[in-house]
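Structural features, examined
As a plain string of letters, each chain reads:
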Amino acid sequence: MASKEPSTDKSISVKNYGWKYSVATRYILFLLLALLFYISLSVKLLPERYDIQVGTHSEKNIAAPVQIEDNKATLKAQEEAAERVQPIYTYIPLRNDVLVTQLFDRIDRLNQDEVSVQDKISIYKLEIPQRVDDFVRNFIASNKGTETYPPELLEEMKKVIDQQAYRIPEETFIKIPRLNPDDINQVKSVARDIVSRLMNEIVDAQTARAKVAELVSASKLNDRTSREVVQELARASITANKFYNEVATKEAKVAERENTPPVFIKQGDVLVKQGQLITPELYELLGKNGLLKDEVNYWPELGILLFSILLSLGILMFIRQSDMNMFKYNNSQVLMMVLIYVITLISMHLAGVLQSEARTYIGYLAPVAIGVILVTLLLDMHLAYFSAIIFSIMASVILNVDKGEVFDFYFGFFAAVTSCVAIFSIHRASQRSTLLKGGIMVSLFGAMSVLIMMLIQDSSWTRVESLYALAFAVAGGILTAVLVIGLMPFFEVTFGILSPLKLVELSNPNHPLLRKLLTETPGTYHHSVMVGNLSEAAAEAIGADGLLCRVGSYYHDVGKTKRPIYFIENQNNMENPHDSIDPKLSKSIIVAHARDGVEMQKDYKLPKPIRDIAEQHHGTTFLHFFYHKALRQAEEQGIDPDFTEDDFRYPGPKAQSKEAAVVGIADSVEAAVRSLRKPTVDQVESMIEKIIKSRLDDHQFNECDLTMKELDIIAKTLKETVMGIFHSRIEYPEEIKKPKPDSPPKQQELADSGDSDTKEDRRRSV
């Protein structure tokens, strides 16, 4: 991943003051991140509110933020539906033919009695209407209190029958006593047949009664009196048998109101036009939909605020759990992360502005993967995966055009797929072209995710709209790659971040400074390359940034190009100029190469972590050779030394990061191994341990977070790497020749060891 700024020891807050390591500043940044989430969500989830009053004119068009129910229109539609309900009439099967039989049976009995005609007439006038009325009343009484007919229907039945009651003419009562038993039997049969035929769901009895005369004329009756009696008694017996059911009608109207679908004002429909007078009804409509400033509902705002804090807190806790010993990133890196989130969310909102209900597919153009790619390259891959979850949630809200829903699964799924693919594609990126390849992968998998959702959900999009959606998904991946390529230099320069891409670029031998190093100081160039190999292996073994160590090693000695002949690796077939100058001057020339290197790197605008390695790889180490040479000269001249050991030390600072410390160790090891005439495995191992112990005793690692265990790992790794690099020069135990008889043991030991301490000091000094 990206090379982070040099990390300090675990008491970082003690030695590093300022905003970069301030705990308060860190929490402020995460509060800003929560505020960013709140603003992004509020824009999509909270409707715009208006300062408007009844009786005023609207200054702008006010559109419905979501699809809302128009209560007034819904009520009107319900009433119209209820009014369209026709009155419900219920058929009651009255057996009026039985009434006819009863009437003629009574007439037959009474006509046979020894009663005067006048009395018979009087009895018929009283009994016949009464029997018709009793027939209806008895039916009502027998059904009252049952579930067959509601009381309201029975009351309606009584009222209608009473209103439609037939009045038998006086002449009929006079003619009835004239009927003999044979006539009665004949007319009874005819009357019952006529009533049965006409009692077929009668609402208005008068309509049925009008048909009686025609049916009587068509009967077999020939006697005029019989015809008249049948006609009148049949009319009297005919009643309505289909009545208006008020209860059923009301229930039908209620059901129709309930079944009437509500009338909605669609999202985006204009509620109030510009200049329109605000009536109480409009004001009430605006208030019900939360569009008035004086009627704010704070619960949604509280929900969004808590949700935003939850997201920000989740990121904070994830980073904290990544390293239990200390917070993984300094505040500069946290600020960079916040800025990445800002850029990503703004890009989503820009795509959301282009969307509409008819063109939701434009949302697939949003470069949702830009954030996770930047986090992967500049911070950490694990944080990028967690960020992918956050960005997927935000995309499902920001790119959602259905205001009736909070989240849109389509865009959430699309963002999750493209983000994970982007991380997988570029987490090992070493060239800028890799970003373009990653963008192509994002395009392909983004289009695939869109196609999958269209197939699963059986999308209502037309073929053209589906092609547009796929095209926008492909374009979004390419746009993501272009934006990342454009933004990477900004973050690298602004925050001093060394991404793997930048480090690989700096390792190119065609870089002007490396070309200068190669052409002017080829010995130093070769030494730097070897140090790069050693330091990279050691750094990766302890979990430090190996690529940073390699590239830092390439540039750590560029200061030697100012005075190349004063450094032994560049002295080919020539005398050492240090032999003829004052050791104090030699010391000044030697220690100046670190300072000169930093200045040259600044001129070439190299990132700060590279400059730090050049400045810190010697720390405050002691130049033994020139110090002792100065002491010998003072002794020979018979004067007291006017200098101390501190005058022959590098100015520092000591290594502030693991990477700078590792490069310093590898630098000394490479020089020391090269100073040995015939190195053996034991000599190499002993020399590496001696160099590390010397620096440890000199407190050169006090300001970086190297542990004793890591120093052991570094020593072991350097030994293995040295064996691989110098394998042709190193004599292994079984290959070491026995000393010649005429060579004293002590002399042979010195020859084999090459007087490593003196050689190393001289080598590192010159």
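What follows is about the overall build of the chain. Along the chain, the regular secondary structure elements total 32 helices and 6 strands. Going through the 766 residues of the chain one by one, you find that 50% of them count as buried. Contacts spanning at least 24 positions in sequence make up 80% of the contacts within the chain whose residues lie at least 6 apart. Summed over its atoms, the accessible surface of the chain is roughly 38200 Å², and 55% of this surface lies on carbon and sulfur atoms.

Judged by nonpolar contacts, the single largest core of 72 residues is most densely connected at Ile315 and Met337. Elements represented by at least two residues in this core include exactly helix H2 (23-45), helix H14 (298-322), helix H15 (331-354), helix H16 (370-378), helix H17 (381-398), helix H18 (409-426), helix H19 (432-457) and helix H20 (463-494). Examining the composition of this core, we find that 11 residues originate from one element, H17, more than from any other. When near neighbours in sequence (up to four residues on either side) are disregarded, methionine 337 contacts Phe30, Leu33, Ile315, Ile319, Leu379 and Leu383. If you look at the next biggest cluster of nonpolar residues, it comprises 49 residues, including Tyr525, Val531, Leu534 and Ile613.

Before going further, it helps to examine the pattern of salt bridges. Think of it this way: side chains of opposite charge can pair up when their charged atoms draw near. Within the structure shown, the criterion is met by 27 salt bridges. Across the salt bridge formed by lysine 250 and glutamate 246, the nearest N and O atoms sit 3.2 Å from each other. On the criterion of helical spacing, the pair formed by lysine 250 and glutamate 246 is a turn pair, its members being 4 residues apart in helix H12 (residues 246-259). Among the residues examined, glutamate 246 registers a relative accessible area of 36% and is labelled partly exposed. Between lysine 693 and aspartate 697 there is a salt bridge whose closest N-O contact spans 2.8 Å. In this pair, lysine 693 and aspartate 697 both sit in helix H29 (residues 681-697), 4 residues apart, roughly one turn of the helix.

Following the criterion strictly, the structure yields 19 aromatic pairs and no others. Consider the rings of tyrosine 364 and phenylalanine 414, whose centres lie 5.0 Å apart with planes at 75°: the pair is edge-to-face. One end of the pair, tyrosine 364, is in the loop between H15 and H16; the other, phenylalanine 414, is in helix H18, with 50 residues separating them in the sequence. For the pair shown, tyrosine 364 and phenylalanine 414 are each scored as buried. On the basis of an interplanar angle of 80° and a centroid distance of 5.2 Å, the ring pair of phenylalanine 625 and phenylalanine 626 is categorised as edge-to-face. One exposure class covers both phenylalanine 625 and phenylalanine 626, and it is buried. Through a chain of ring-to-ring contacts, three or more aromatic side chains come together here, namely Phe622, Tyr627, Phe643 and Phe648.

Before going further, it helps to spend a moment on a nonpolar patch on the surface. There is a patch of nonpolar side chains on the surface, built from Leu436, Ile440, Met441, Leu444, Phe445, Met448, Ile452, Ile456, Val474, Ile478, Val482 and Ile485 and spanning about 980 Å² of accessible area. Breaking the nonpolar patch down by element, the ones donating at least two residues are H19 and H20. On the secondary structure map, isoleucine 440 appears in helix H19.

Our focus in this paragraph is H17. The terminal C-alpha atoms of H17 lie 25 Å apart, and with 18 residues this matches the ideal 26 Å at 1.5 Å per residue to within 8%. Buried residues dominate H17, accounting for 14 of its 18 residues. One side-chain oxygen of the residue at the start of H17 lies 3.0 Å from the amide nitrogen of histidine 382, identifying that residue as aspartate 380.

Glancing now at a negative patch on the surface. Residues Asp269, Glu357, Asp402 and Glu405 make up a contiguous surface patch of negative charge. Secondary-structure assignment places aspartate 402 in the loop between H17 and H18. Aspartate 402 gets classed as partly exposed once you look at its relative accessible area, which sits at 41%.

To continue, consider helix H22 (residues 512-520). All of the buried residues in H22 are Leu513, Leu514 and Leu517. The arc that holds every buried residue of H22, seen down its axis, measures 100°, which confines them to one face. Buried residues along H22 sit in contact with helix H21 (500-506), helix H23 (522-541), helix H24 (546-555) and helix H25 (583-603).

Take the confidence of the model for the chain next. For the chain, per-residue confidence averages 84 on the pLDDT scale, and 89% of positions sit at 70 or higher. Below a pLDDT of 50 lies the segment residues 1-16, which in the model reaches 50 contacts outside its immediate sequence neighbourhood of four places, other chains included. Note that pLDDT drops below 50 for residues 735-766; the model gives that stretch 47 contacts with residues more than four away or on any other chain.

Glycine 652 connects to proline 653 through a cis peptide bond whose omega is 5°. The phi torsion at lysine 605 lies on the positive side, around 55°, for a residue other than glycine. Note on placement: lysine 605 falls in the loop between H25 and helix H26 (608-616). A positive phi angle, near 60°, is found at histidine 699, a position not held by glycine. Its place among the elements puts histidine 699 in the loop between H29 and helix H30 (708-725).

To continue, consider the packing of H23 against H30. Put simply, H23 and H30 touch, their axes get as near as 9 Å, and they point 140° apart. Considering the angle they form, H23 stands oblique to H30. The chirality of how H23 crosses H30 is right-handed. Between H23 and H30, the residues in contact are Met530, Asn533, Leu534, Ala537, Ala538 and Ala541 and Ile713, Ile714, Thr717, Leu718, Thr721, Val722 and Ile725, respectively. Tallied by class, residues from the contact of H23 with H30 come to 10 nonpolar, 3 polar and no charged.

With that out of the way, let us pick up the packing of H2 against H14. Two numbers describe how H2 lies on H14: the axes approach to 8 Å, and their chain directions differ by 140°. Classified by the interaxial angle, the pair formed by H2 and H14 is oblique. As H2 runs across H14, the sense of the crossing is right-handed. Taking contact as the criterion, the partners of Arg26, Tyr27, Phe30, Leu33, Ala34, Phe37, Tyr38, Leu41, Ser42 and Leu45 in H2 are, on H14, Glu301, Ile304, Leu305, Phe307, Ser308, Ile309, Leu311, Ser312, Ile315, Leu316, Ile319 and Arg320. When its residues are assigned to classes, the contact of H2 with H14 shows 16 nonpolar, 3 polar and 3 charged.

Topologically, leucine 285 is positioned in helix H13 (residues 280-288). Residue leucine 285 is classed as buried on the basis of its relative accessible area of 17%. It is 9.7 Å that separates the C-alpha atoms of leucine 285 and isoleucine 68, two residues lying 217 residues apart in sequence. Discounting residues that sit within four places of it in the chain, leucine 285 has contacts with Glu69, Ile265 and Leu271.

Conventions used here
- Residue indices begin from 1 for each chain and proceed along its sequence in written order.
- Reporting of local features is limited, given that this is a predicted model, to residues whose pLDDT is at least 70; pairs of side-chain atoms are given and counted only at 80 or more, and all residues count toward the totals for whole chains, interfaces and linings.
- As a rule here, side-chain values cover all heavy atoms of the structure and leave hydrogens and water aside.
- Only DSSP runs of H or I covering at least 4 residues are called helices, and only runs of E covering at least 2 are called strands; the numbering of each starts at the N terminus.
- Think of it in three bands: with a 1.4 Å probe and only protein chains considered, a residue is buried below 20% of the maximum accessible area for its type, exposed above 50%, and partly exposed in between.
- Here, residues are in contact when the closest pair of their heavy atoms is within 4.5 Å.
- In these tables, accessible area is a Shrake-Rupley quantity obtained with a 1.4 Å probe, and a residue counts as shielded only by the protein chains included in the view.
- Nonpolar core, defined: a set of buried Ala, Val, Leu, Ile, Met, Phe, Trp, Tyr and Cys residues in which side-chain atoms within 4.5 Å join the residues together.
- Salt bridges, as used here, are contacts in which a Lys or Arg side-chain nitrogen is within 4 Å of a carboxyl oxygen on Asp or Glu.
- Note on aromatic contacts: the rings of Phe and Tyr and the six-membered ring of Trp form a pair at centre separations within 6.5 Å, being stacked when their planes are under 30 degrees apart, edge-to-face when over 60 apart, and tilted otherwise.
- What makes a patch is a set of residues exposed beyond 30% relative accessible area and free of salt bridges, joined within 9 Å when like-charged and within 5 Å when nonpolar (Val, Leu, Ile, Met, Phe, Trp, Tyr).
- An expected span of 1.5 Å times one less than the residue number is assigned to each helix.
- Side-chain atoms alone can form a polar contact between residues adjacent in sequence; in general such a contact is a pair of N or O atoms within 3.5 Å, and within protein one must be able to donate a hydrogen while the other accepts it.
- Under this rule, positive means Lys or Arg and negative means Asp or Glu; His and the chain ends count for nothing.
- Lysine's charge is taken at NZ, arginine's at CZ, aspartate's at CG and glutamate's at CD.
- The directions considered for the arc run from the helix axis to the C-beta atoms.
- As a per-residue measure, pLDDT tells how confident the predictor is, with possible values from 0 to 100.
- Angles here are taken between N-to-C directions and fall from 0 to 180 degrees, while the axes themselves are lines fitted to C-alpha atoms, restricted in helices to the stretch in contact.
- Under this scheme an angle from 65 to 115 degrees is roughly perpendicular, one under 35 degrees roughly parallel, and one over 145 degrees roughly antiparallel; angles in between are oblique.
- Left-handed describes a crossing in which the near helix is turned anticlockwise from the far one by less than a right angle; the clockwise case is right-handed.
- In this count, Pro and Cys sit with the nonpolar residues alongside Ala, Val, Leu, Ile, Met, Phe, Trp and Tyr, while Asp, Glu, Lys and Arg are called charged and the others, Gly among them, polar.

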